[in-house]
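Close look at the chain arrangement
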Amino acid sequence: MEATATAALPRWYWIVSILGLLWMLLGVLSVVTDLMMDEAALARMSEAEQQVYGNRPGWLFIVHGIAVFAGLGGVVGLLMRRSWAVALLALSLIAAVAQFGYVIFGLDAIRHLGAAATLSFPIVILAIGAGLLWLARHAKRLGWIG
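Attention here is on the structure that accompanies the text. Given the structure is predicted, the values throughout are model-derived calculations rather than measurements. (Residues numbered from 1 in each chain as written. Predicted model: local features only at pLDDT ≥ 70, side-chain atom pairs only at ≥ 80, totals over all residues. Heavy atoms only, no water.)

1. Here's the deal with the pattern of salt bridges
Quick note on the threshold: The rule for a salt bridge is simple: a side-chain nitrogen of Lys or Arg has to be within 4 Å of a carboxyl oxygen of Asp or Glu.
Enumeration according to the criterion identifies two salt bridges in this entry. The partner of arginine 111 in a salt bridge is aspartate 108, with the nearest N and O atoms 2.6 Å apart.

2. Thoughts on the packing of helix H2 (residues 11–35) against helix H5 (residues 58–80)
Short version of the rule: In this description, a line fitted to the C-alpha atoms serves as the axis of each element, helices being fitted only across the stretch in contact, and the angle between N-to-C directions of two axes falls anywhere from 0 to 180 degrees. Numbering goes from the N terminus for both helices and strands, where a helix is a DSSP run of H or I of at least four residues and a strand is a run of E of at least two. Note on terminology: angles under 35 degrees are roughly parallel, angles over 145 are roughly antiparallel, angles of 65 to 115 are roughly perpendicular, and the others are oblique. Helix crossings fall into two classes, left-handed where the near helix is turned counterclockwise from the far one by less than a right angle and right-handed where it is turned clockwise. Side-chain classes follow a simple rule in which Ala, Val, Leu, Ile, Met, Phe, Trp, Tyr, Cys and Pro form the nonpolar group, Asp, Glu, Lys and Arg form the charged group, and the remainder, Gly included, forms the polar group.
The contact between H2 and H5 brings their axes to 9 Å, and the two run at 155°. In terms of their interaxial angle, H2 and H5 are classed as roughly antiparallel. Crossing of H2 against H5: the hand is left-handed. For the contact of H2 with H5, a count of residues per class yields 17 nonpolar, seven polar and one charged.

3. Some thoughts on the side chain of serine 17
The line we're drawing: We call two residues contacting when some pair of their heavy atoms lies within 4.5 Å.
Tracing the sequence through the fold places serine 17 in helix H2. Ignoring sequence-local partners within four residues, the contact set of serine 17 consists of Val75, Leu78, Leu79 and Leu135.

4. A closer look at unusual backbone geometry
For clarity, the threshold we go by: We call a residue buried when its accessible area falls under 20% of the maximum for its residue type, exposed when it is over 50%, and partly exposed in between, using a 1.4 Å probe and counting protein chains only.
Non-glycine residue arginine 81 carries a positive phi angle of around 60°. Along the chain, the position of arginine 81 falls in the loop between H5 and helix H6 (84–106). A relative accessible area of 16% means that arginine 81 is categorised as buried.

5. Overview of the nonpolar core
Which entries qualify depends on this criterion: Only buried Ala, Val, Leu, Ile, Met, Phe, Trp, Tyr and Cys residues count toward a nonpolar core, and they belong to the same one when joined by side-chain atoms within 4.5 Å.
Tyr13, Val75, Leu78, Leu89 and Ile145 are the most contacted members of the largest nonpolar core, which totals 20 residues. No other element matches helix H8 (residues 115–141), which puts five residues into this core. When residues no more than four places from it in sequence are discounted, the contact partners of valine 75 are Ser17, Gly20, Leu21, Met24, Leu89 and Leu132. Of all hydrophobic cores here, the second largest spans six residues; its members include Val63, Ala67, Ala96 and Phe100.

6. Quick look at the packing of aromatic side chains
For clarity, the cut-off: Side-chain rings of Phe, Tyr and Trp, where Trp is taken by its six-membered ring, are said to pair if the distance between their centres is within 6.5 Å; with planes under 30 degrees apart they count as stacked, over 60 as edge-to-face, and otherwise as tilted.
Evaluated as defined, the whole model comprises five aromatic pairs. Ring geometry for tyrosine 13 against tryptophan 14: centres 5.3 Å apart, planes inclined by 90°, an arrangement best described as edge-to-face. According to the relative accessible area criterion, tyrosine 13 is buried, its value standing at 0%. For tryptophan 14, a relative accessible area of 30% translates into the label partly exposed. Clustering of aromatic rings is evident, with ring pairs tying together Trp12, Tyr13, Trp14 and Trp144.

7. Regarding the packing of H6 against H8
Taken N-terminus to C-terminus, the directions of H6 and H8 make an angle of 165°; their axes are 9 Å apart at the nearest point. Here H6 is positioned roughly antiparallel relative to H8, judged by the angle of their axes. Crossing of H6 against H8: the hand is left-handed. Along the contact surface, H6 presents Ala85, Val86, Leu89, Ala90, Leu93, Ala96, Val97, Phe100 and Ile104, while H8 presents Thr118, Leu119, Pro122, Ile125, Leu126, Gly129, Ala130, Leu132, Leu133, Ala136, Arg137 and Lys140. Of the residues in the contact of H6 with H8, the class split is 17 nonpolar, two polar and two charged.

8. With respect to the environment of arginine 44
Locating arginine 44 in the fold gives a position in the loop between helix H3 (39–43) and helix H4 (47–54). Counting along the chain gives 38 residues from arginine 44 to arginine 82, while the straight-line C-alpha distance between them is 43 Å.

Nothing here speaks to function; it is all geometry.
This is the structure:
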């Protein structure tokens, strides 16, 4: 698309996209850490944390991976100025909502861990995911990506 090739991008677009990439790389680290959790690490958790962690179904690990790796692909798409970033960031946000929704409601994490411990980080993650999706949609609408 000609408009995409010539559209001047504001500096903040690149800054936010790079910060998004760094954020998603932290997400990759969280997936790897989650998959490598051993008995010793589990034993260092509180009893309530062990209960929530131990009751998670296997499919939740897959949803976590989808959220993180779709998000990573989405921010790479932003940096490459590709419109498919919108779809990947939307998938990432949907997967994150499903993941946290199940942890909060399906595993009753608020009752076990308390509202502050359960909700604070998911709210931040979902807000960043929504912000990155907004950026991708905004960039597509303005012809910055295509």
